[in-house]
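# Fold and contact review
Given next are the chains, with one letter for each unit.
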Amino acid sequence: MVTVNMVALNAYRRDNFEHPTLGLVVVVALVAWTGAAIWLYRDRVRRTPVLLVADLAIVLAALAATPWVKSPDFNATIPGFYVMGAFFAWAIHWHWKGGLVASSLIALFDVVPRNHLDQGNYGNVFLILIGGPIVGYLCESLQRMARERDAAEHAAAAAEERTRLARAVHDGVLQVLAMTQRRGAAAGGEWADLGRLAGEQERSLRSLIRQQDTVPAAAGGRVDLAGALEAMATAHPVRTEVATPGGTVLVDEHVATETVAAVRACLDNVLAHVGPRGSAWILAQAAPDAITVSVRDDGPGIAPGRLSQAEEEGRLGVASSIRGRIEDLGGTATVESGEWGTEWEIVVPLA
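Because the structure is a prediction, the values reported are computed rather than measured.

## Quick word on the overall build of the protein
The number of helices and strands found in the protein is ten helices and seven strands. Look at the contacts in the protein between residues 6 or more apart in sequence, and 66% of them connect residues 24 or more apart. Here the protein has roughly 20,200 Å² of accessible surface; of this, 61% comes from carbon and sulfur atoms.

## Focus: the pairing of strand β6 (residues 332–338)
Pairing geometry for β6 and strand β7 (residues 341–349), over seven bridges, is antiparallel. Counted as the bridge partner of Val335 is Trp344 from β7. The antiparallel pairing of β6 with β7 creates a hairpin that spans two residues between the two strands.

## With respect to helix α1 (residues 2–12)
For α1, the complete set of buried residues consists of Thr3, Met6 and Asn10. Axial view of α1: buried residues confined to an arc of 60 degrees, hence all on one face. Of the exposed residues in α1, those oriented more than 90 degrees away from the buried face are Val4 and Tyr12. Among the structural elements, α2 (20–42) are those in contact with the buried residues of α1.

## Examining empty space enclosed by the protein
This structure, assessed with the given rule, holds one cavity of 30 Å³ or more. Contributions of two or more residues to the lining of the largest cavity are made by β4 (279–286) and β5 (290–297). Take the lining of the largest cavity: its biggest share by element is three residues, from β4. Of the residues assigned to the lining of the largest cavity, the class counts are seven nonpolar, one polar and no charged.

## A short note on the side chain of Asp110
With respect to the helices, strands and loops of the structure, Asp110 is situated in helix α4 (residues 84–111). Within polar-contact distance, the side chain of Asp110 engages the side chain of Arg114 at 2.9 Å.

## Quick word on the sheet that holds β6
Pairing within the open sheet is mixed, and its five strands lie in the order β2-β4-β5-β7-β6. Of all the strands in the sheet, the pair left with one neighbour each is β2 (239–243) and β6. Ignoring strand direction, the axes of neighbouring strands in this sheet form an average angle of 15 degrees. Strand direction decides the pairing type here: β5 and β7, joined by seven bridges, are antiparallel. From the neighbouring strand, Ala290 faces β7, where its bridge partner is Pro349. Each of β2, β4 and β5 is contacted by helix α7 (residues 225–235), which is oriented at about 165 degrees to β2, the strand it contacts most. In the packing of helix α8 (residues 253–273) onto the sheet, contacts are made with β2, β4, β5 and β7, and the angle to β5 comes to roughly 15 degrees.

## Topic: the environment of Arg183
With respect to the helices, strands and loops of the structure, Arg183 is situated in helix α5 (residues 119–187). Residues Arg183 and Leu194 lie eleven residues apart in sequence; the distance between their C-alpha atoms is 9.6 Å.

## With respect to the confidence of the model for the protein
Of all residues in the protein, 89% attain a pLDDT of 70 or more, and the chain-wide mean is 85. Ranking the elements of the protein by mean pLDDT puts helix α9 (residues 306–312) last, at 60, and helix α3 (residues 49–69) first, at 95. Below pLDDT 50 for its whole length, residues 215–219 participates in nine contacts with residues either more than four positions away or in separate chains.

## Structural notes on the side chain of Ser294
Considering the arrangement of structural elements, one finds Ser294 in strand β5. Among the residues examined, Ser294 registers a relative accessible area of 8% and is labelled buried. Excluding its chain neighbours within four sequence positions, the residues that come into contact with Ser294 are Trp281, Ile282, Leu283, Glu343, Trp344 and Glu345.

## Things to note about the packing of α2 against α3
Where α2 contacts α3, the two axes come as close as 11 Å, and the packing angle between them is 170 degrees. Classed by the angle they form, the pair α2 and α3 counts as roughly antiparallel. Contacts from Leu22, Gly23, Val26, Leu30, Trp33, Leu40 and Tyr41 of α2 reach α3 at Leu51, Leu52, Ala54, Asp55, Ile58, Ala62 and Val69. Residue classes in the contact of α2 with α3 are distributed as twelve nonpolar, one polar and one charged.

## What about the environment of Leu63?
Assignment of secondary structure puts Leu63 in helix α3. For the pair Leu63 and Pro113, spaced 50 residues apart in sequence, the C-alpha separation works out to 8.9 Å. When neighbours within four sequence positions are excluded, Leu63 is seen to be in contact with Thr77, Pro79, Val83, Ile106, Phe109 and Asp110.

## So, the nonpolar core
Membership of the largest hydrophobic core comes to 31 residues, with the highest contact counts inside it found for Leu225, Leu229, Val263, Ile282, Val293, Val295 and Ile346. For this core, the elements supplying multiple residues, two or more each, are α7, α8, β4, β5, α10 (317–328) and β7. With nine residues, the single largest contributor to this core is α8. Once residues lying within four places of it in the same chain are set aside, the contact partners of Leu225 are Val249, Val251, Ala256, Thr259, Val260 and Ile291. Listed in part, the 27 residues of the second largest apolar core include Leu56, Val59, Val69 and Ala89.

Cut-off values and rules
Residues numbered from 1 in each chain as written. Predicted model: local features only at pLDDT ≥ 70, side-chain atom pairs only at ≥ 80, totals over all residues. Heavy atoms only, no water. Helix = DSSP H or I, 4+ residues; strand = E, 2+ residues; numbered from the N terminus. Contact = heavy atoms within 4.5 Å. Areas by Shrake-Rupley, 256 points an atom, 1.4 Å probe, with all protein chains shown as cover. Pairing = 2+ DSSP bridges. Buried < 20%, exposed > 50% of the residue type's maximum accessible area, 1.4 Å probe, protein only. Arc of directions from axis to C-beta. 1 Å grid on protein atoms, 1.4 Å probe; cavity = no way out; pocket = protein on both sides within 12 Å on 5 of 7 lines; lining within 4 Å. Points joined across faces, edges and corners; volume = space filled by probe spheres on them. Nonpolar A, V, L, I, M, F, W, Y, C, P; charged D, E, K, R; others polar. Polar contact = N/O pair within 3.5 Å; in protein donor to acceptor, adjacent residues only side chain to side chain. Axes fitted to C-alpha atoms, helices over the stretch in contact; angles between N-to-C directions. pLDDT = per-residue confidence, 0-100. Parallel < 35°, antiparallel > 145°, perpendicular 65-115°, else oblique. Core = buried A, V, L, I, M, F, W, Y, C linked by side-chain atoms within 4.5 Å.

Below, the structure written as structure tokens:
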């Protein structure tokens, strides 16, 4: 459209040309370049910086030729609104910086040859100067949104496929492992060991399925605490079952690291005082202002005053590894114990 407009305006203003033949050559050259540019820009491979520079150079040459083809007192340039194509191309390719460079050069080549600058010319130049950066900024935003949309669609498709595979694993492998565990325990002997190994693999596989929908690390240094607890408990020698909220629990990376370390210290105590055949349960709950993690085991419990005595004797495992870490986060770590076992309740504020 801008090419048709350029041809029509120059034909209408043909009496303004001091050298109409040269004017016709410039107009025909711009029309020919339009056809070539349409073909060149169509293929992404040909859309190189060389093409963009050549496109802008042709526009600038047409602007520079205007005083000689028309007269030093010209009013309208030969290309007119044709210049929009060049700085739009720069804005699309190099975003706001490219739009600013192209529009500045076009404005410079438009203003410098003029003997005088009236209000109309000033308005056109001003629109060109702000048009390039604005179009470039909008193009950059649209391209970023398109990338984010594609990434979201890809993530959604991957999550759907993982869910389908998880159902298949749950309906097949996990059921077989659970049945092997039950029958092995009932048969006793070597079959009991086989059942125990099947149970361990079942728990590990369930944990992996649970972790597939967690976010191990998010932007801004935030981490999914639920996934981190799952991963830590799966790798720990103590048989541990983890119950977390259905979704992710995003906290600061430092909070997640220290909380997981405190929970690991609880499991280490279970391993040291109950043994590898002991069992533990981790329950994580999330509230808007705090997270609460409970760690319970089925051991013989802690004798009254034993923790205070250990701290007085200089053994600061519980004091530093559990309470110290959580208190540094501004939270609390309390313990209850009895013949039924031991339970730690860790509360960490999120403020």
